Structures are given as structure tokens and as C-alpha cells.
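Chain residues, written in single-letter form:
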Amino acid sequence: MKILVINAGSSSLKYQLIEMEKEQVLARGNCERIGIDGLISHSTADGRELKEECTFPTHTEAFERVVKALTTGDTAVISDMSEIKAVGHRVVQGAEIFSETTKVTDEVIQKIDDLKELAPVHNHPHALALWACKKVIPASVPQAVVFDTAFHQTMPAKAYMFGMPYECYEKYNVRRYGFHGTSHRFVSMRLAKELNKNRKELKIVSCHLGNGSSITAIDGGKSVDTSMGFTPLDGLLMGTRTGSVDPSAVTYIMKKKGFSPSDMDNYMNKESGLLGVGGYSDNRDIGDAIKRGEERAKLAADILRHQIKKYIGAYAAIMGGLDAVIFTGGIGENDVNIRADVCANMEFLGIELDTALNKEAKGTLSRITKQGSKAQVWVVPTNEELLIARDTKELFGL
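These notes cover the structure that comes with them. (Residues numbered from 1 in each chain as written. Predicted model: local features only at pLDDT ≥ 70, side-chain atom pairs only at ≥ 80, totals over all residues. Heavy atoms only, no water.)

## Observations regarding the environment of Tyr252
Relative to the elements of secondary structure, Tyr252 occurs in helix α7 (residues 247-257). It is 24 Å that separates the C-alpha atoms of Tyr252 and Tyr172, two residues lying 80 residues apart in sequence. (Helix = DSSP H or I, 4+ residues; strand = E, 2+ residues; numbered from the N terminus.)

Here it is as C-alpha cells:
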């Protein structure tokens, strides 16, 4: 039984076709530069590849090319789209409207589009892609949407409310929403299974670290607090995002530089973070620069480590204990040094790092603390696409 997973952006359409019996990816790819010119990159599990310049005026043409790549030519993995039993879509912002995986209908797509003010870079493109998919995919194939924000809908009001006038929440929906929820949910479920424990028994701090990063407190299987806020800009220092900053610093810089709100938004989202402080947006480049003795790169790395450690301690306090810390995402799964530095001097929380295990753990499910460590630390590779496929399968009882 096969499920197609779609992750659409404003000018891209990433996809995976997953065989659910063995949870094996049969093919994956990406349609890039939609609305500009167009390029499809497509590969199969057995190593066949396709890379072709195309014309993608809209997402509809991109979906049509995906169907062609999956069903015809040297990279075909199915003979007909009728072999696909369902489609699962990733959507960033579901606000307070969507707290669980939901069947795609015209009304649901419209509600997703109506939320575009809360996620202008994501939700309108998601809606466009959903409309396009409905045109291309046979009506007999059910479709589902999985929301990044849904997992965080269990946060209590004391965690998601800001200290602004209450009307900001009532009239304008301003609150902490949190993101990366699908990833945090996947890795916490995976760890509970590995430990042979019910998630309801565990207090976990999940650190999703990549170009975009967030940390979530998961108590009894539920998100009770998370670092990203109203948008993915809040929380940790990221590749090009500021993370948390004093709001008065924002208005101060706007006045100094003569920025419009749009200018400032771009400045904080695309010119800040590791790039703004250290000169490089990629954590690997930051590491190389540190080896060359670049002090600003060292400062950026220190800020990130300091913030991760601070969130772990704060979330342990919120939950009243700590059973495990998870490192996931491109940085979390592969950066040995960040994990070592964050876990240093954390014995008071029950964390006793095993240096050898940490060095060996790169992109694989691995415990990196000593056998007797009261609080365990694990590297858990994330797989949001697989969880979207699982959710879709469960929703439709397939």
C-alpha cells in the first residue's frame, strides 16, 4: 500500500512515495523554481535518477510532472496513480483551528489559505499546492493535511500566551504556536519505543537543530512548551534568524536604519542568526571558521550552545524532572561537538555524557550517555515524511 507525501513551498514541491508495508521510500524528488522556469530532480530507491529542466508556471504543472516521473520512463516506480491509496500533505500553520490530521476538502483548503497572515511564506503556497493536487490526483484518492503546529496545541495558556494586551490574542490570534511539531512528535515516539516505555511515563526535551531550530518540552507525550513562538523566528539563534530578541531592540533598529516592517522582517529572518553574528549561515562553515581562528564564528557557536543548554534546564524545571534529551535535525544528528558542549556540566540534571558513544553517533539512533546516567541523551534521526504517511494511513483506516 503506497502513500504519496507532499511538502510544498512557494516555489518548490518536495515529495516521497512510501510503501507502507515496509515503510520504504520508493521514490523521492523535488520540483524547484515553480513560477520561474522549473527543474525536477527525481530518484528511486534502487538508484535511478532524473534531472530535467521543465516549465512550471504553477504548482499544477509541477504535480503533473511528478505524476509523469512516478509512472513513466526509466524512473517509474508505479504503472498508474491508482496504485497510490492516499496523499499526505505537510502544512506549517494550522493555528487553533486544526489540532489533528485532517481530511482535505475545499473548506479545509480555504481555511488554510485564510491563515496566510500568520504564515505568509508558507500557508498560501500550501493552499495553492492543495488546489493543484486536487486537479491532478484522481478524486477517488483521499488526501490529508498534517500541521506543524498541531502537536503544540496541548500547551497550556500560561505557555502560549504573551504579555501583550489580551485583545491581541482575541482579535489578532497573537500567541505562541510552535513549529517542527511533526518532527518533535516523531522522535519522542521513536525514543519511547526504543526504551520500551509508554510516552505518558516520560519527560523529554526534544532539540530539533538545523538551519531552523526549536526545542520542545514533552511531558507525558504532550507538548507543554516550545521555543518557537508566533512565527518560526522566535527561540534559538538559527542559520539566518535572530531567535528571541528584546522587542525594543527591533523598533530601535528600525528607526536607526529607516526600515519598514517588511525590511525589518527580512533583516531578522534572512540576515541574522549564525550569518549575522558569525558570518556564515551553515553550522559546518561556522565550525571551519572557528578552526581558522575567526572570533565572530566562535561567538555565534557559543551563543547557540548557551541557548540550547538554557532551554534544556528551563524545560526540565517546567516539567519537574527530566528523563531524556533528544538531539535531532541536521545539526543535532551530526554535530558531535555541539552535543558534547551542551551536555557538559549537566550532571546536576542527571546527564552523564559518554564521550566515545557521542563521537560514534552520527545520523543513527544512538544513546550517548553513560549506562547509569539518570537522564539519558539520545540522537534520534527525524522522519517527518514517514509520520505524515502514518497519520494519513491511520486517518483513512488503510
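## Some points on helix α11 (residues 295-319)
Between its first and last C-alpha, α11 extends 36 Å over 25 residues, near the 36 Å set by a 1.5 Å rise per residue. Residues of α11 that are buried include every one of Ala297, Ala300, Ala301, Leu304, Arg305, Gln307, Ile308, Tyr311, Ile312, Tyr315, Ala316 and Met319, and no others. (Expected span 1.5 Å × (residues − 1). Buried < 20%, exposed > 50% of the residue type's maximum accessible area, 1.4 Å probe, protein only.)

## Side note on the pairing of strand β10 (residues 214-219)
The buried fraction of β10 amounts to five of the six residues, a majority that puts the element mostly inside the structure. In textbook terms, the turn of a hairpin is the stretch between consecutive antiparallel strands, and for strand β9 (residues 203-208) and β10 this stretch comprises five residues. Relative to strand β11 (residues 222-226), β10 runs antiparallel, the two sharing four bridges. When the bridges of β11 are listed, Asp219 appears paired with Lys222. What sits between β10 and β11 in their antiparallel hairpin is a turn of two residues, with Gly220 showing a positive phi close to 65°. (Pairing = 2+ DSSP bridges.)

## Here's the deal with helix α10 (residues 283-291)
Turning to α10, its buried residues number three or more, namely Asn283, Ile286 and Ala289. An end-on view of α10 places all buried positions within 115° of arc, on one side of the element. Exposed side chains of α10 directed beyond 90 degrees from the buried face belong to Arg284 and Lys291. Close packing links the buried residues of α10 with α9 (273-278), α11, α12 (329-334) and α13 (336-343). The N-cap of α10, judged by a side-chain oxygen 2.7 Å from the amide nitrogen of Arg284 a few residues on, is Asp282. Following α10 by one or two positions, Gly293 adopts a phi angle in the positive range, close to 85°. (Arc of directions from axis to C-beta. Contact = heavy atoms within 4.5 Å. Polar contact = N/O pair within 3.5 Å; in protein donor to acceptor, adjacent residues only side chain to side chain.)

## Concerning the packing of aromatic side chains
One pass over the structure, following the stated rule, counts six aromatic pairs. Between Phe259 and Tyr267, the aromatic rings sit 5.1 Å apart at their centres with planes inclined by 65°, giving edge-to-face as the arrangement. The exposure class of Phe259 is partly exposed, given its relative accessible area of 23%. Three or more aromatic residues link up through ring pairs in this structure, and these residues are Tyr160, Tyr166 and Tyr169. One cation-aromatic arrangement involves Arg175 over Tyr160; the distance from NZ or CZ to the ring centre is 3.7 Å. (Phe/Tyr/Trp six-rings, centres within 6.5 Å; stacked < 30°, edge-to-face > 60°. Lys NZ or Arg CZ within 6 Å of the ring centre and 35° of its normal.)

## What to know about the packing of helix α2 (residues 106-114) against helix α3 (residues 123-136)
Orientation of α2 relative to α3, taken along the N-to-C sense of each, is 160°, at an axis distance of 8 Å. Taken together, the axis directions place α2 and α3 in an arrangement best described as roughly antiparallel. α3 is crossed by α2, and the crossing has left-handed handedness. When α2 is examined against α3, the residues Asp106, Ile109, Ile112 and Asp113 are found in contact with a partner set consisting of Asn123, His124, His126, Ala127, Leu130, Trp131 and Lys134. The class makeup of the residues in the contact of α2 with α3 is five nonpolar, three polar and three charged. (Axes fitted to C-alpha atoms, helices over the stretch in contact; angles between N-to-C directions. Parallel < 35°, antiparallel > 145°, perpendicular 65-115°, else oblique. Left-handed = near helix turned anticlockwise from the far one by under 90°. Nonpolar A, V, L, I, M, F, W, Y, C, P; charged D, E, K, R; others polar.)

## Focus on the nonpolar core
Residues Val205, Cys207, Ile308, Ile312, Leu322 and Val325 are the most contacted members of the largest nonpolar core, which totals 37 residues. At the level of elements, β9, β10, α10, α11, β12 (324-328), α13 and β14 (376-379) are the ones that each hand at least two residues to this core. Element by element, the count of residues in this core is highest for α11, at ten residues. Sequence-distant contacts of Val325, defined by excluding residues within four places in its chain, comprise Val205, Cys207, Ile312, Ile351, Gln376, Val377 and Trp378. Core analysis: the next-biggest nonpolar cluster, separate from the first, contains 29 residues, Tyr15, Cys31, Phe56 and Leu70 among them. (Core = buried A, V, L, I, M, F, W, Y, C linked by side-chain atoms within 4.5 Å.)

## Some remarks on the sheet that holds β10
Overall, mixed pairing links the six strands, which are arranged β11-β10-β9-β12-β14-β13 in an open sheet. Bordering the open sheet on either side are β11 and β13 (366-367), each of which pairs with just one other strand. With four bridges joining them, β12 and β14 adopt parallel strand pairing. By the bridge assignment, Phe327 is partnered in β14 with Val379.

## Notes on the pattern of salt bridges
What the rule picks out here adds up to 19 salt bridges. Here Arg185 makes a salt bridge to Asp391, at a shortest N to O gap of 2.5 Å. Remark: Asp391 occurs in helix α15 (residues 384-395) and Arg185 occurs in helix α6 (residues 181-194); sequence separation between them is 206 residues. Note on Arg185: relative accessible area 18%, which makes it buried. (Salt bridge = Lys/Arg side-chain N within 4 Å of Asp/Glu carboxyl O.)

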